[in-house]
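Next come the chains, spelled out residue by residue.
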Amino acid sequence: MPRITPWLWFDMNAEEAANFYIGIFPNSEIGEITRYTEESTGGDIPVPPGTPMTVEFFLDGQVFYGLNGGPQFRFSEAVSFQIDCADQEEADHYWYALTADGGEESACGWLKDKYGLSWQVVPKRLNELLADPDPEVAKRVTAAMMKMRRIDVSALEAAARG
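So, a few notes on the structure that sits alongside this text. (Residues numbered from 1 in each chain as written. Predicted model: local features only at pLDDT ≥ 70, side-chain atom pairs only at ≥ 80, totals over all residues. Heavy atoms only, no water.)

### Comments concerning the side chain of E56
Test applied: Helix numbering and strand numbering both begin at the N terminus, where a helix is a DSSP run of H or I of at least 4 residues and a strand a DSSP run of E of at least 2. Polar contacts here mean pairs of N or O atoms no more than 3.5 Å apart (in protein, one a potential hydrogen donor and the other a potential acceptor; neighbouring residues in sequence count only if both atoms are side-chain atoms). By the convention used here, residues are in contact when the closest approach between their heavy atoms is within 4.5 Å.
Structurally, E56 is set in strand β3 (residues 52–59). Of the polar contacts made by the side chain of E56, one reaches the backbone nitrogen of E32; its length is 2.9 Å. Apart from the residues within four sequence positions on either side, E56 is in contact with I30, G31, E32, V63, F64 and Y65.

Encoded structure:
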């Protein structure tokens, strides 16, 4: 099966964003960078030759590409990336790193980073509690989660206990 590669459209800050992300995720690095040439900078994209056009980067082995395409398109919540976290400590690492320097908290473990990209930070325990065979436990956990921004596992476990 072919691999699916996410492409992210940036307003001329793809390399900056890629460096931000590789500083957050383990086993991450910048890959190949292509640059605008005199032939590719005319028309809708008036940028100096040599400006990065695409930036390949790897986040814990997953390849992404950032395209410096200009201000025409913005990220929206219609597309997000979920980070499945082992525990509260790992979830907090990603939550605080991605909301730093202008990121925005949203509801139920969702956030936007400073570039406007949406993420879901999900501790493993959340899904375990939501899948509890006792429907009353799942109901209480769901009600608690709906009041949260950053997922708080200890508060979810307290809700599960009633």
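### Points about the nonpolar core
Put simply, the rule is: Only buried Ala, Val, Leu, Ile, Met, Phe, Trp, Tyr and Cys residues count toward a nonpolar core, and they belong to the same one when joined by side-chain atoms within 4.5 Å. Classification of residues uses two cut-offs on accessible area relative to the type maximum, computed with a 1.4 Å probe and protein chains only: under 20% is buried, over 50% is exposed, and between them is partly exposed. Where each domain begins and ends follows an automated or database-derived domain assignment.
In terms of nonpolar packing, the biggest core is built from 27 residues, with Y21, F57, L98 and W119 touching the most fellow members. Elements supplying a minimum of two residues to this core: β1 (7–10), α1 (14–22), β3, β5 (80–85), α2 (88–99) and β8 (118–123). If one sorts the elements of this core by residue count, α1 sits on top with six residues. Split by domain, this core shows at least three residues from each of two domains, domain 1 (7–68) and domain 2 (80–161). Ignoring sequence-local partners within four residues, the contact set of Y21 consists of F10, F57, L59, L98, D113, Y115, L117 and W119.

Limitation: the analysis is restricted to geometry and does not speak to function.
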